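Commentary on secondary and tertiary structure
What follows is each chain in one-letter form.
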Amino acid sequence: MKKIFTIFIMLVLVSSFVLAAENQEKDIEQNQAQIRVQTQEQNSEGEKQISEAPNKNVITAKQEAKEKIQELREQTFTEIKELKIKNAAELKEAIKEKREILKEAMKEEKEKIRETKEKQNEVRLAVQTLLASENLTGGVGKQVSAIARDFDNSAKETESSEEKIMNRGRFMKALFGGDRKDAELIRTKLQTREEKIQQLEELVNACDCTDDVKVLLQEQIQVMKQEQERLKTLADNEGSSTGLLGWMFK
């Protein structure tokens, strides 16, 4: 009984410490965001001062910016699959243009977030390339598109899980370990996607299409495989991270 009481007291103290530390970390991020907003508005409006703007406004501005970036991403991906492509060269040029648009949208993000988003964008671009190639792939076009759509929906779900993992506070992770729930969700999605990738490879190999189209599609499948490996490493690392007190919740 005494041991249980001691553990309970430890948990209360540690939880208080974690919450205080994470709140301090959030305050620092909010202050940094406020400085960036101030700088941008001073450059564009000259005399306008926002040094006294409350943190609430800064948080709202950050959330709105995040939503706009996400909206731009989805709009860009939608535009790709709706393109009326005539050949592989035209499709490659369209993808190159959309990639630059996405990179520009990500440039204000923190480095770690930007790198992750760029990797996510690559696999989403690969999927949209498969969708846009339906008219170039002969009799297997509709099958390729159906698999690509399923893969795209799965990619959105793993993006959401990865975001939760990235947003887990450093102190919380150090004490209680990684986000095992989202790590397991990612693993489950990866298993299903392995089957879809195999199906795509078989369809592309059997494709009644030109060599340049076949090569282009094989390149997209390779991007999808690389994303599988990246997410597998992420899920394994997150799932194996126990933290100082994680053993209590196994």
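Just so it is clear, the model here is predicted, and its values are computed rather than measured. Residue numbers run consecutively from 1 along every chain, following the written order of its sequence. Local features in this predicted model are restricted to residues of pLDDT 70 or higher, and side-chain atom pairs are both shown and tallied only at a pLDDT of 80 or more, whereas totals for entire chains, interfaces and linings draw on every residue. Working from all heavy atoms in the structure, the side-chain values ignore hydrogens and water.

Re the packing of helix H4 (residues 111-132) against helix H5 (residues 141-167)
Convention adopted: a line fitted to C-alpha atoms gives each axis, helices being fitted over their contacting stretch, and angles between N-to-C directions are expressed from 0 to 180 degrees. Under the DSSP-based scheme used, a helix requires at least four consecutive residues in state H or I and a strand at least two consecutive residues in state E, with every element numbered from the N terminus. Here H4 crosses H5 at 170°, and the two axes come no closer than 8 Å. Comparing the axis directions of H4 and H5 gives the class roughly antiparallel. Facing Lys112, Ile113, Thr116, Gln120, Val123, Arg124, Val127, Gln128, Leu130 and Leu131 of H4, the residues of H5 in contact are Val144, Ser145, Ala148, Arg149, Phe151, Asp152, Ala155, Lys156, Glu159, Glu162 and Met166. Residue composition of the contact of H4 with H5, by class: ten nonpolar, four polar and seven charged. When an angle is under 35 degrees it counts as roughly parallel; over 145 it counts as roughly antiparallel; between 65 and 115 it counts as roughly perpendicular; any other value is oblique. Two residues form a contact once any of their heavy atoms are found within 4.5 Å. Charged means Asp, Glu, Lys or Arg here, nonpolar means Ala, Val, Leu, Ile, Met, Phe, Trp, Tyr, Cys or Pro, and polar covers whatever is left, Gly included.

Points about the packing of aromatic side chains
Note on aromatic pairs: each is described by the distance of the centres and the angle between the planes. Pairing of aromatic rings covers Phe, Tyr and Trp, the last through its six-membered ring, and needs centres within 6.5 Å; plane angles under 30 degrees mean stacked, over 60 mean edge-to-face, and all others mean tilted. Counting across every chain of the model gives zero aromatic pairs. Whether a charge sits over a ring depends on NZ of Lys or CZ of Arg being within 6 Å of the ring centre and within 35 degrees of the ring normal. Between the NZ or CZ atom of arginine 193 and the centre of the ring of phenylalanine 151, over which it lies, the distance is 4.6 Å.

Overview of the state of the cysteines
By convention in this document, the label disulfide applies to cysteine sulfur atom pairs within 2.5 Å. Counting across every chain of the model gives one disulfide. Each disulfide pairs two cysteine sulfurs, and for cysteine 207 the partner residue is cysteine 209, the sulfurs being separated by 2.2 Å.

Overview of the layout of surface pockets
The space that makes up the second largest pocket amounts to roughly 150 Å³. Forming the boundary of the second largest pocket are Lys81, Glu82, Leu83, Lys84, Leu131, Ala132, Glu134, Asn135, Ser145 and Arg149. The set of elements that each furnish at least two residues to the lining of the second largest pocket consists of H4 and H5. Taken together, the residues that form the lining of the second largest pocket break down as three nonpolar, two polar and five charged. Two kinds of site are reported from a 1 Å grid over the protein atoms alone, namely cavities, where a 1.4 Å probe fits but cannot get out, and pockets, open sets with protein on both sides within 12 Å along at least five of seven lines, and residues are called lining when an atom falls within 4 Å of a point. Grid points are joined across faces, edges and corners, and a volume is the space filled by probe spheres set on the points.

Section: the nonpolar core
In this description, a nonpolar core means a group of buried Ala, Val, Leu, Ile, Met, Phe, Trp, Tyr and Cys residues linked to one another through side-chain atoms lying within 4.5 Å. Note on exposure labels: buried denotes an accessible area under 20% of the residue type's maximum, exposed denotes more than 50%, and partly exposed covers the range between, all computed with a 1.4 Å probe on protein chains only. Membership of the largest hydrophobic core comes to 31 residues, with the highest contact counts inside it found for Leu130, Leu200 and Met224. Going through the elements one at a time, helix H2 (55-81), helix H3 (88-106), H4, H5, helix H7 (180-205) and helix H8 (211-240) are the ones with two or more residues in this core. Broken down by element, this core gets its largest block of residues, seven residues, from H4. In terms of nonpolar packing, the next biggest core, distinct from the first, is built from six residues, Ile186, Leu190, Leu231 and Ala235 among them.

A closer look at the pattern of salt bridges
By convention in these notes, a salt bridge is any Lys or Arg side-chain nitrogen within 4 Å of a carboxyl oxygen on Asp or Glu. Under the definition given, this model contains 16 salt bridges. The partner of lysine 107 in a salt bridge is glutamate 104, and the shortest N-O contact between them spans 2.7 Å. According to the relative accessible area criterion, lysine 107 is partly exposed, its value standing at 46%. In this structure, arginine 230 and glutamate 162 form a salt bridge, with 2.7 Å as the shortest nitrogen-oxygen distance. Within this pair, whereas arginine 230 is found in helix H8, its partner glutamate 162 is found in helix H5, the two being separated by 68 residues in sequence. Each member of the pair, arginine 230 together with glutamate 162, is buried. Among the ionic contacts, a cluster of salt bridges with common partners joins Arg73, Glu74, Arg124, Asp152 and Glu159.

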